[in-house]
Amino acid sequence: MTGAAAVNRPVLVLATRNRHKVEEMRALLGEFRVELVGMDAFPDASEPEETGETFADNARIKAVAAALATGCYALADDSGICIDALGGRPGVHSARWAGPGSGASEWIARTLTEMQAVPDDEERTARYVCVLALAAPDGTILGEAEGKFEGRIARAPRGAGGFGYDPIFLLPDEDRTAAELSAEEKNTRSHRAKAIQGALPLLRRALFP
């Protein structure tokens, strides 16, 4: 957030300390001329408690907290995986699916264990969901956008790319998991890619009036 880039581009804070999400969002924004920074640039800012019942609730909570803590426009992403055979779980609990402090390998292990009783591929449907919320520096929510990415739960992890549940998120028409897609392929079809496309008009109005 220094140098010529910071002078020429408005700052947009992404309300996350997840470096994968920051990198992915930078790629998705492409030529959209903003200086995107994560919350790592603001080490003293506290993390809000995600108490919402929906992805939209949590996205709003994070956007407002980041905007008020930084004095910048803040874009928050709340996302997760919803599995039909599990009644939509883990949903908003995707990042805590295997307990506090758990990571992707534990989330995947629990998912595969719970899906053992679902033998038919047609019943293993799932989708990634992403909701983006944009907050003004004073904490006012300016708007939201949502994207979904349809697939199925694979029977075992495959692929070394992506993050989160990607190794078991199967695209049945291609017989590939999201972890077997290149970053470029994923960024044309993912839930986050669809959400950011929906949010671009909102970002333009806010940052380039």
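How each quantity is defined
- Residues numbered from 1 in each chain as written.
- Predicted model: local features only at pLDDT ≥ 70, side-chain atom pairs only at ≥ 80, totals over all residues.
- Heavy atoms only, no water.
- Helix = DSSP H or I, 4+ residues; strand = E, 2+ residues; numbered from the N terminus.
- Buried < 20%, exposed > 50% of the residue type's maximum accessible area, 1.4 Å probe, protein only.
- Pairing = 2+ DSSP bridges.
- 1 Å grid on protein atoms, 1.4 Å probe; cavity = no way out; pocket = protein on both sides within 12 Å on 5 of 7 lines; lining within 4 Å.
- Points joined across faces, edges and corners; volume = space filled by probe spheres on them.
- Nonpolar A, V, L, I, M, F, W, Y, C, P; charged D, E, K, R; others polar.
- Phe/Tyr/Trp six-rings, centres within 6.5 Å; stacked < 30°, edge-to-face > 60°.
- Lys NZ or Arg CZ within 6 Å of the ring centre and 35° of its normal.
- Expected span 1.5 Å × (residues − 1).
- Contact = heavy atoms within 4.5 Å.
- pLDDT = per-residue confidence, 0-100.
- Axes fitted to C-alpha atoms, helices over the stretch in contact; angles between N-to-C directions.

K.L.:
How should unusual backbone geometry be read in this particular structure?
P.N.:
The phi torsion of most residues other than glycine is negative, and most of the peptide bonds are trans. Here Arg89 and Pro90 are connected by a cis peptide whose omega angle stands at 0°. Here Pro90 shows up in the loop between strand S3 (73–83) and helix H4 (104–114). For Asp175, which is not a glycine, the phi torsion comes out positive at approximately 55°. Assignment of secondary structure puts Asp175 in the loop between strand S6 (169–171) and strand S7 (176–177).

K.L.:
In this structure, what is going on with the pairing of S3? I would like to understand it.
P.N.:
Side-chain direction in a regular strand flips from residue to residue, so the side chains alternate between the two faces of the sheet. For S3, the tally of buried residues reaches ten of eleven residues, placing the bulk of the element in the interior. Both strand S1 (residues 11–14) and S3 contribute to a ladder of three bridges, which runs parallel. Bridging from a neighbouring strand, Leu12 pairs with Tyr73 of S3. Bridge count between S3 and strand S4 (residues 125–135): ten bridges; the pairing is antiparallel.

K.L.:
Just checking my understanding: could you explain the layout of surface pockets for this structure?
P.N.:
If you roll a probe as big as a water molecule over the atoms, it shows you where there is empty space left. What the largest pocket holds in volume is close to 730 Å³. For the largest pocket, the lining is made up of 34 residues, of which Thr16, Asn18, Lys21, Lys62 and Ala95 are closest to its centre. Every element with two or more residues in the lining of the largest pocket is listed here: helix H2 (19–29), helix H3 (55–70), S3, H4 and helix H6 (191–207). Here the lining of the largest pocket takes four residues from S3, the largest share from any one element. Grouping the amino acids of the lining of the largest pocket by side-chain chemistry returns twelve nonpolar, eleven polar and eleven charged. Approximately 210 Å³ is the volume found for the second largest pocket. Forming the walls of the second largest pocket are 13 residues, and the residues nearest its centre are Glu24, Gly162, Phe163, Ala183 and Lys186. Take the lining of the second largest pocket: its biggest share by element is four residues, from H2. Classifying every residue of the lining of the second largest pocket by side-chain character gives five nonpolar, five polar and three charged.

K.L.:
Sorry, what's going on with the packing of aromatic side chains here?
P.N.:
Remark: the centre distance and the inter-plane angle together describe each pair of aromatic rings, the angle taken between the planes. By the definition in use, this model includes five aromatic pairs. Plain terms: the ring middles of Tyr128 and Phe149 are 6.5 Å apart, the flat faces sit at 20° to each other, and that makes the pair stacked. With Tyr128 in strand S4 and Phe149 in strand S5 (residues 141–153), this pair connects stretches of sequence that are 21 residues apart. Given the relative accessible area of 6%, Tyr128 is considered buried. Among the aromatic residues, ring-to-ring pairing joins Tyr128, Phe149 and Phe169 into one connected group. Its end group placed over the ring of Trp97, Arg110 keeps NZ or CZ at 3.7 Å from the ring centre. Over the face of the ring belonging to Phe163 we find Lys186, whose NZ or CZ atom lies 4.6 Å from the ring centre.

K.L.:
Hey, could you run me through H3 in this one?
P.N.:
Residues spaced three or four apart along an α-helix face the same direction, because each turn holds 3.6 residues. Between its terminal C-alpha atoms H3 stretches 22 Å, which fits the 22 Å expected from 16 residues at 1.5 Å a residue. Buried residues in H3 make contact with S1, S3, S4 and S5. Once H3 finishes, Gly71 follows within two positions and takes phi at roughly 75°, a positive value.

K.L.:
I would appreciate a short explanation of the confidence of the model for the protein in the present structure.
P.N.:
Keep in mind that low pLDDT regions are not for reading the predicted coordinates in detail. Looking at the protein, pLDDT values average 92 and 97% of them are 70 or higher. In the model of the protein, helix H1 (residues 3–8) stands out as the element of lowest mean pLDDT, 49, in contrast to S4, which has the highest, 98. Note that residues 1–6 has pLDDT below 50 and, in this model, six contacts with residues that lie over four places away or in other chains.

K.L.:
What am I meant to see in the sheet that holds S1 here?
P.N.:
Through backbone hydrogen bonds, the strands of a sheet pair up, either in parallel or in antiparallel fashion. What the seven strands build is an open sheet, ordered S2-S1-S3-S4-S5-S6-S7; its pairing is mixed. In the strand order of this sheet, the two ends are held by strand S2 (35–38) and S7, each with one partner. Packing of H3 onto the sheet brings it into contact with S1, S3, S4 and S5, and relative to S3 it is tilted by some 155°.

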